[in-house]
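A closer look at the structure
Each chain, written out:
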Amino acid sequence: MNVKTPNAIDTYVGMRMRRRRQLLGMSQERLAEQIGVTFQQVQKYEKGINRIGASRLQRIAEVLRTSPAFFFEQDDLEPPSLAGLDLSAPADPVTEFLRSKEGLVLNRAFVKIEDRRIRETIISLVKAMAQAESSDIPLNVLRMDEPESRRE
């Protein structure tokens, strides 16, 4: 029996599709409904088992509110090549975080906050907590009402 192995680029495009879908909180079923395929087909796209045609990729990009180019972008924003797609290599910490359940939940909640000041306050809080943890400083010592420049 000849088992088809996914092409590295198809796998990469599928991985980007899955990440974007999850970031938006969309189920495979809902995406499938929006693009006119079964959810099993979406699973195959995301695993790179089935290739995505150009017109279908355009429709997926529309539904996921991105551009078709998004599915080919790499960290250095170069078009993917087989050499650059070492899928066995460890991903950078940001990518790993976004793949985690906590990363997805935090990211979804954060993008819903429209007030820039609130977003900046959250960033300051997280930075202070990370600094405290790495310095073994008890969190109750940190004061969030102080400017960040005084805390660092």
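Here's what I pulled together on the structure shown here. Please read all numbers here as calculations on a predicted model, not as lab measurements.

With that out of the way, let us pick up the pattern of salt bridges. Pairs can form between side chains of opposite charge whenever their charged atoms are close. All chains considered together, the criterion is met by seven salt bridges. Of the charged contacts in the structure, one is a salt bridge between glutamate 62 and arginine 59, with a shortest N-O distance of 3.3 Å. Taken together, the residues glutamate 62 and arginine 59, both in helix 4 (residues 54-63) and three residues apart, mark about one turn of the helix. Judged by relative accessible area, which is 44%, glutamate 62 ranks as partly exposed. It is possible to trace a salt-bridge network through shared partners that takes in Arg18, Arg21 and Glu46.

So, about helix 3 (residues 39-47). Every buried residue of helix 3 is listed here: Gln41, Val42, Tyr45 and Glu46. Down the axis of helix 3, the buried side of the element spans an arc of 140°, and every buried residue falls inside it. Among the structural elements, helix 1 (8-23), helix 2 (28-35) and helix 4 are those in contact with the buried residues of helix 3.

Counting residues in each nonpolar core, the largest one holds 17 residues, and the members touching the most others are Met17, Leu31, Ile35, Ile60 and Phe71. Breaking this core down by element, the ones donating at least two residues are helix 1, helix 2, helix 3 and helix 4. No other element matches helix 4, which puts four residues into this core. Other than its neighbours up to four places away in sequence, isoleucine 35 contacts Val42, Tyr45, Arg56, Arg59, Ile60 and Val63.

So, how was this worked out
- Residue positions are counted from 1 within each chain, in the order its sequence is given.
- Local features in this predicted model are restricted to residues of pLDDT 70 or higher, and side-chain atom pairs are both shown and tallied only at a pLDDT of 80 or more, whereas totals for entire chains, interfaces and linings draw on every residue.
- Excluding hydrogens and water, the side-chain values take into account all heavy atoms of the structure.
- For salt bridges, the criterion is a side-chain nitrogen of Lys or Arg within 4 Å of an Asp or Glu carboxyl oxygen.
- Helix and strand definitions follow DSSP, with helices as H or I runs of at least four residues and strands as E runs of at least two, each counted in order from the N terminus.
- Throughout this description, buried means an accessible area under 20% of the type-specific maximum (1.4 Å probe, protein chains only), exposed means over 50%, and partly exposed covers the range between.
- By construction, the arc corresponds to the directions joining the helix axis to the C-beta atoms.
- Between two residues, a contact is recorded if the distance between any of their heavy atoms is within 4.5 Å.
- Definition used in this section: a nonpolar core is a set of buried Ala, Val, Leu, Ile, Met, Phe, Trp, Tyr and Cys residues joined via side-chain atoms within 4.5 Å.

Treat this as a map of the structure, not an account of what it does.
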